[in-house]
Structure formats: structure tokens, C-alpha cells
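Results of the structural survey
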Amino acid sequence: EWSCAFNTQLDLHDSLLGFHTFLIVHGENDVICDPQGLVALYEKAESSDKTLKLYDGMWHQLVGEPKENLDIVFSDICSWLEARAPLPSSDAVEA
């Protein structure tokens, strides 16, 4: 139901405002949660390390997208994580 999705988005909005680092991934064609609500969250959040990634042509459940879209989303998430918490080099792993 729309009101439930809206309330959930407001709760998420309030809880993310205090985060220092966050990534939002969302489908632009989502008809359940308006992507503009996440744009507002992104703009209002005071974090200096925040990323908003909207995917053109994708819907609400990004993990339910076709494989080629899913690969794009997961690649973006992994790249974002690796930029903030790089994996140790193979030399460090062997030591």
C-alpha cells in the first residue's frame, strides 16, 4: 500500500540524516517509493561522503532486475565499498 511505503521512506529519511557515509541506490521507474524522496534525503543529509545512484529504466526491487542490470548495480555497490574500505593487497594477506 502506498501509505505504508511512504511512511517507511520517511522513517528511512529520518534515520539516515545522521549518517556520515552512505550510498543510496534506487530505480528511477519505481512506482512504490518515489525516487524524488531519496533525492530530497540526499540533498538534506549533512554528510560529506554521500552518494545517490538512480538507475534509469529500473524499478523498485533492484535485485529483481534482469541480470545485466543487476550486474551494473552490484558493480556500482562494490566499487563504492572498495573506494571506502579497500581490500588488502595480496602481500598483506600472505603476511
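Look up: the structure comes first, before these words.
Residues numbered from 1 in each chain as written. Predicted model: local features only at pLDDT ≥ 70, side-chain atom pairs only at ≥ 80, totals over all residues. Heavy atoms only, no water.

**Things to note about the pairing of strand 2 (residues 49-55)**
Filter applied, for reference: A strand pair is defined by DSSP finding two or more bridges across the two strands. Segments assigned H or I by DSSP are reported as helices when at least four residues long, segments assigned E as strands when at least two residues long, and all are numbered from the N terminus.
With 7 bridges connecting them, strand 1 (residues 21-27) and strand 2 associate as parallel partners. Paired with L23 across the two strands is T51, which belongs to strand 2.

**Considering helix 2 (residues 35-44)**
Defined as follows: Buried residues are those whose accessible area, probed at 1.4 Å on protein chains only, stays under 20% of the maximum for their type, while exposed residues exceed 50% and partly exposed ones sit between those limits. What the arc covers is the set of directions going from the helix axis to the C-beta atoms. Pairing of N or O atoms within 3.5 Å defines a polar contact, subject to two protein rules: one partner must be a possible hydrogen donor and the other a possible acceptor, and residues neighboring in sequence count only if both atoms are side-chain atoms.
Taken together, the buried positions of helix 2 are P35, L38, V39 and L41. Projected down its long axis, helix 2 carries its buried residues within an arc of 160 degrees, all on one side. Turned more than 90 degrees off the buried face of helix 2, the exposed positions are E43 and K44. Sitting at the head of helix 2, D34 places a side-chain oxygen 2.9 Å from the backbone nitrogen of Q36.

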